[in-house]
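Topology and contacts: notes
Chain by chain, the residues:
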Amino acid sequence: MLGNTKGRLINKYVPDYVLFDLETTGTSSNYDEVIEISAVKVQSGVIVGEFSQLVNPGKSIPYAASMVNHITDDMVAEAPEFEEILQAFMDFVGDSILVGHNINSFDMKFLYRDSERYFGQTVTNDYIDTLKLARLCLPDLGHHRLSDLAQYYGISTEGAHRALNDCRMNQQVFEQLAKEMDGSAGEKAKVKLCPICGQPMRKRNGRFGEFWGCSGFPGCRYTENI
Ligand SMILES: [Zn+2]
């Protein structure tokens, strides 16, 4: 939903959410533009709806970007501009919690910038970043790209880097990460959860050595001795 206060980053599983992904003309949330936005709506862990739209960015797509996401100028020439698509996306999202991979550093910045640009308001939905969650749940895994996690869980990566396929893949990854947190994935990766807010605890270093600190810090300040 649009409003005056940005939503918060939360580090836990919820069964109802909208998982989304953007493709863009490049990596800068200052200079680049959205060229595709896709999302899946999930209830009780199951996909119940999909949203996918190409966007005309009003400028040409650099070759390097097309190489990654396989979207070309021709494909977006007849597509609507992002003002129209963003409104439709926000209608699809409603008051759902948003989920995505690396969205804290990337996708949310584009949503915030463009909702302010077009509507003079910001995105108020709380959100979950599966990259942050994966780093907390699987600290020993060398890389935490979406493709690394899909491979780790044996999920198909066919059609990767088009937004809707990435959403479907990411949705399965998020559901697997949920199992790490409730312990049903087995002993290998049981995650310690904060008794106050339910977010994963992680080891931190303080003046008196290592301790468990809530990953919700500074929103949650719970700590425990190791
Ligand atoms: Zn906590």
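Presented here is a report on the structure given in the accompanying data block.

Reading the values: the criteria
- Residues numbered from 1 in each chain as written.
- Predicted model: local features only at pLDDT ≥ 70, side-chain atom pairs only at ≥ 80, totals over all residues.
- Heavy atoms only, no water.
- Disulfide = S-S within 2.5 Å.
- Buried < 20%, exposed > 50% of the residue type's maximum accessible area, 1.4 Å probe, protein only.
- Donors = N, O, S within 2.8 Å, 3.2 Å for Na, K, Ca; no water.
- Tetrahedral: all angles 85-135°; square planar, octahedral: opposite > 155°, others 65-115°.
- Helix = DSSP H or I, 4+ residues; strand = E, 2+ residues; numbered from the N terminus.
- Polar contact = N/O pair within 3.5 Å; in protein donor to acceptor, adjacent residues only side chain to side chain.
- Pairing = 2+ DSSP bridges.
- Axes fitted to C-alpha atoms, helices over the stretch in contact; angles between N-to-C directions.
- Contact = heavy atoms within 4.5 Å.
- Core = buried A, V, L, I, M, F, W, Y, C linked by side-chain atoms within 4.5 Å.
- Salt bridge = Lys/Arg side-chain N within 4 Å of Asp/Glu carboxyl O.
- Patch = residues over 30% accessible without salt bridge, like charges linked within 9 Å, V, L, I, M, F, W, Y side chains within 5 Å.
- Areas by Shrake-Rupley, 256 points an atom, 1.4 Å probe, with all protein chains shown as cover.

Things to note about the state of the cysteines
In a disulfide, the sulfur atoms of two cysteines are held together by a covalent bond. Applying the stated criterion to the full structure yields zero disulfides. Left without a disulfide partner, Cys137 is nearest to the cysteine sulfur of Cys214, which lies 13 Å away. A residue is classified by how much of its surface remains accessible, and Cys214, at 1% relative accessible area, is buried.

Here we look at the coordination of the zinc ion
The zinc ion binds to the protein through Cys194 (SG), Cys197 (SG), Cys214 (SG) and Cys220 (SG); the donor distances cover 2.2 to 2.3 Å. Coordination at the zinc ion comes from four donor atoms whose angles at the metal span 98 to 116°, giving a geometry best classed as tetrahedral. Counting residues between consecutive donors of the zinc ion along the chain gives the motif C-x2-C-x16-C-x5-C. Using a relative accessible area of 22% as the deciding quantity, one classes Cys197 as partly exposed.

Description of the side chain of His144
Tracing the chain through its elements places His144 in the loop between α5 (130–137) and α6 (146–153). Residue classification places His144 among the buried residues on the basis of a relative accessible area of 12%. Side-chain polar atoms of His144 contact the backbone oxygen of Leu138, separated by 2.8 Å.

Description of the sheet that holds strand β9 (residues 209–214)
Strand order in this open sheet of three strands is β8-β9-β10, and the pairing throughout is antiparallel. On the outer flanks of this sheet lie β8 (201–206) and β10 (223–225), each paired with one strand and no other. Each strand of the sheet is rotated relative to its neighbour by a mean of 35°, with strand direction disregarded. Across six bridges, the pairing between β8 and β9 is antiparallel. Pairing of Met201 across the sheet is with Cys214, part of β9.

Remarks on α5
A large share of α5 lies buried, amounting to six of its eight residues. Within α5 the residues assigned to the buried category are Thr130, Leu131, Leu133, Ala134, Leu136 and Cys137. For α5, the elements touching its buried residues are β5 (98–100), β7 (127–129), α6, α7 (163–182) and β8. The backbone nitrogen of Leu131 lies 2.8 Å from a side-chain oxygen of the residue at the head of α5, namely Asp129.

Some remarks on the side chain of Asp129
When you line up the elements, Asp129 lands in strand β7. Within the structure, the side chain of Asp129 is placed 2.8 Å from the backbone nitrogen of Asn102, a separation counted as a polar contact. In this structure the side chain of Asp129 is engaged in a polar contact, spanning 2.8 Å, whose partner is the backbone nitrogen of Leu131.

Examining the nonpolar core
Counting 25 residues, the largest nonpolar core has Tyr17, Ile128 and Leu177 as its most contacted members. Taken together, the elements giving at least two residues each to this core come down to β2 (17–24), β3 (34–43), α5, α6 and α7. Among the elements that make up this core, the one with the highest residue count is α7 (seven residues). If we skip the residues at most four places from it in the chain, Tyr17 touches Val40, Lys41, Val42, Ser96, Ile97, Val99, Gln171, Phe174 and Glu175. Grouped together as the second largest cluster of nonpolar side chains are 24 residues, Phe89, Met90, Phe92 and Ile103 included.

Things to note about the pattern of salt bridges
Between side chains of opposite charge, a pair can form when the charged atoms approach closely. Under the definition given, this model contains eight salt bridges. Linking Asp126 and Arg8 is a salt bridge whose minimum nitrogen-to-oxygen distance equals 3.2 Å. Pair noted here: Asp126 is in the loop between β6 (122–123) and β7 and Arg8 is in the loop between β1 (2–3) and β2, with a separation of 118 residues, a long-range link. With relative accessibility at 22%, the residue Asp126 sits in the partly exposed group. Here the residues in one salt-bridge network are Glu33, Arg113, Asp114 and Arg117, joined through shared partners.

Examining a nonpolar patch on the surface
Judged by side-chain polarity, Tyr63, Met67 and Val68 come together as a nonpolar surface patch covering roughly 350 Å² of accessible area. Along the chain, the position of Val68 falls in helix α1 (residues 63–69). A relative accessible area of 44% means that Val68 is categorised as partly exposed.

Focus: unusual backbone geometry
A cis amide bond links Phe217 with the next residue in sequence, Pro218, at an omega value of 5°. As for its placement among the helices and strands, Pro218 is situated in the loop between β9 and β10. One non-glycine residue, Asn102, lies in positive phi territory at about 65°. Structurally, Asn102 can be placed in the loop between β5 and α4 (107–119). You can call Asn102 partly exposed: its relative accessible area is 29%.

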